[in-house]
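Read off the chains here:
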Amino acid sequence: MKKILLMCGAILLSACIAFSQDKPAEAPHDMGQMHHGGFMQEGMHHAVAKGVTLDAKVDAASHAVTLRVGPMNLPAHTSHMKMPQPPDLVWEIPMDGWLLAYHPKLVDAGGNAVPGTVLHHVAFWNENRADFLCPNKEEHIFGAGSEMTDWAEVPGYGYRVQKGDKIRIETMMYNPTAISYEKAYLEVVIPFQDASDAAPAPRKNVYPAWMDVNSCGNSSYNLPAGKSEKTGTVTVKYDGVLLGVGGHLHDYGKQLVLQDVTRKETVATLDAKSDAQGHLETVPVKLFAEEGGYKFAKDDVLKISASYDNPTGKLLRDGAMGIAVGYFAAADDAKMAALRRKSAPPHDMAGMSHDH
């Protein structure tokens, strides 16, 4: 199996997380104060970028969908708070089948590459499904940050979708560079397998597993000066296996540890790699494919720990996240049908519904 995914500095099994590494010089956005219909921080709304639309093209021959968000004008040296942001856009799934991988890139109107640095983050949320670990959240199916990491296919597995499912695409841009970009587009190519083509090669369903030090709350938290550790727990609600695990930290992150407290076992210890300034570069991935996956049982309590060492001498507001992420395959897939919703509940920009 390929070394799969780098997610915002963290390599992931075949999934990656939807948040970019926020640079300490720029106050990270407050996920807890984002509300559906507009970004909001400290009482301020982002201006909405005008004319940004979603274009979806299906290539039946190659079995791939290309999603294109834009155009977006990105002036140099503009923080995410000062940048007009795209509105939420909704992609309606055009087929029954499986999404297999995600290949993001940024381009200009002429098709030339634009550096991924200007993507703060993009998140895809399935409004018709709840997260299997945190049912107060929509299912977070794809994300990318400034690294524009490719999500590779996991042979034999796929993310099951139904025609008409609504995928909400939330994009945040910024431009810390000295170069302005006009009419930039975010493109995501998504290979798929139609359900009608599945007879010769049926897919096993996978579910994105997001295990957060903030449990089922908003992911960002304040990072104190010096060394610190934050821990949280989440309870598994279904029997199954974790196919692999990677993680997401921000700058000055040192380590993520995932433990199964019920079994008194350490599932994975992931040591981050950073540059000389402490800017996060990668977090490794641990795969369990050879063992057939790491077994989780219903009611197992998982503990996630994130370690940081912040040398700035000051508290960085919403400067940290600590998330272990991977793909989960259920022992009894039929039970996962309970996660489906007929319609999307009200939610905020972090995918948290308001009906729980």
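See above for the structure.
Now for a description of the structure that goes with this document. (Residues numbered from 1 in each chain as written. Predicted model: local features only at pLDDT ≥ 70, side-chain atom pairs only at ≥ 80, totals over all residues. Heavy atoms only, no water.)

Turning our eyes to something else, we now look at the overall build of the protein chain. In terms of regular secondary structure, the protein chain is built from zero helices and 28 strands. When the 356 residues of the protein chain are sorted by exposure, 55% land in the buried category. Taking as baseline every contact in the protein chain between residues at least 6 positions apart, the subset at least 24 positions apart corresponds to 80%. Surface exposure of the protein chain reaches about 14300 Å², of which carbon and sulfur atoms provide 53%. (Helix = DSSP H or I, 4+ residues; strand = E, 2+ residues; numbered from the N terminus. Buried < 20%, exposed > 50% of the residue type's maximum accessible area, 1.4 Å probe, protein only. Contact = heavy atoms within 4.5 Å. Areas by Shrake-Rupley, 256 points an atom, 1.4 Å probe, with all protein chains shown as cover.)

What follows is about the nonpolar core. Generally speaking, nonpolar side chains in soluble globular proteins are found buried as a group. If you look at the biggest cluster of nonpolar residues, it comprises 42 residues, and the most contacted ones within it are W91, L99, Y102, F124 and F142. Here this core gets six residues from one element, more than from any other, and that element is strand β14 (residues 181-194). With sequence-adjacent residues up to four places away left out, Y102 is seen in contact with I141, F142, D150, W151, Y159, V188, V189, I190 and Y327. Grouped together as the second largest cluster of nonpolar side chains are 37 residues, L256, L280, L316 and A324 included. (Core = buried A, V, L, I, M, F, W, Y, C linked by side-chain atoms within 4.5 Å.)

This part takes up the side chain of R168. If you trace the backbone, R168 turns up in strand β13 (residues 166-173). A polar contact is formed between the side chain of R168 and the side chain of D88, at a distance of 3.2 Å. (Polar contact = N/O pair within 3.5 Å; in protein donor to acceptor, adjacent residues only side chain to side chain.)

It is generally the case that most residues other than glycine have a negative phi and that most peptide bonds are trans. Residue P71 follows G70 across a cis peptide bond; omega there is 0°. Among the secondary structure elements, P71 is positioned in strand β6 (residues 64-74). Phi is positive for K183, which is not a glycine, with a value near 55°. Secondary-structure assignment places K183 in strand β14. Accessibility expressed as a relative area gives 48% for K183, which makes it partly exposed. Although it is not a glycine, S215 sits at a positive phi angle of roughly 55°. Topologically, S215 is positioned in the loop between β16 (207-212) and β17 (221-223). Residue class for S215 comes out partly exposed when judged on its relative accessible area of 25%.

In spatial order, the strands read β7-β13-β10-β11; together these four strands make up an open sheet with antiparallel pairing. Of all strands in the sheet, those with a lone pairing partner are β7 (89-92) and β11 (138-144), marking the two edges. Here the strands of the sheet are splayed against their neighbours by 25° on average, with no regard to which way each runs. Where strand β10 (residues 119-130) lies against β13, seven bridges are found, and the strand directions are antiparallel. The partner of N126 across the bridge, within β13, is I167. (Pairing = 2+ DSSP bridges. Axes fitted to C-alpha atoms, helices over the stretch in contact; angles between N-to-C directions.)

Once that is clear, we can look at the sheet that holds strand β18 (residues 226-235). With antiparallel pairing, four strands are arranged side by side in an open sheet as β18-β26-β20-β21. The open sheet is flanked by β18 and β21 (265-271), the only strands paired with a single partner. In this sheet, adjacent strand axes meet at a mean angle of 15° when their direction is disregarded. As defined by bridge partners, β18 adjoins strand β26 (residues 301-310) across ten bridges and the pair is classed as antiparallel. Among the inter-strand pairings, G232 is bridged to a residue of β26, identified as I304.

Further remarks concern the side chain of H248. The topology assignment puts H248 in strand β19 (residues 240-249). Within the structure, the side chain of H248 is placed 3.3 Å from the side chain of H250, a separation counted as a polar contact.

This brings us to the state of the cysteines. Tallied over the entire structure, the rule returns one disulfide. Each sulfur in the disulfide pair C134 and C216 lies 1.9 Å from the other. Judged by the sign of its S-S torsion, about -75°, the bond between C134 and C216 is left-handed. One end of the pair, C134, is in the loop between β10 and β11; the other, C216, is in the loop between β16 and β17, and 82 residues separate them in sequence. Given a relative accessible area of 22%, C216 falls into the partly exposed group. (Disulfide = S-S within 2.5 Å.)

Inspection of the entire model under this criterion finds twelve salt bridges. Between R168 and D88 there is a salt bridge; the shortest N-O distance is 3.2 Å. Of the two residues, R168 sits in strand β13 while D88 sits in the loop between β6 and β7, which places them 80 residues apart along the sequence. Classification of D88 as partly exposed rests on a relative accessible area of 22%. The partner of D299 in a salt bridge is K298, with the nearest N and O atoms 3.7 Å apart. (Salt bridge = Lys/Arg side-chain N within 4 Å of Asp/Glu carboxyl O.)

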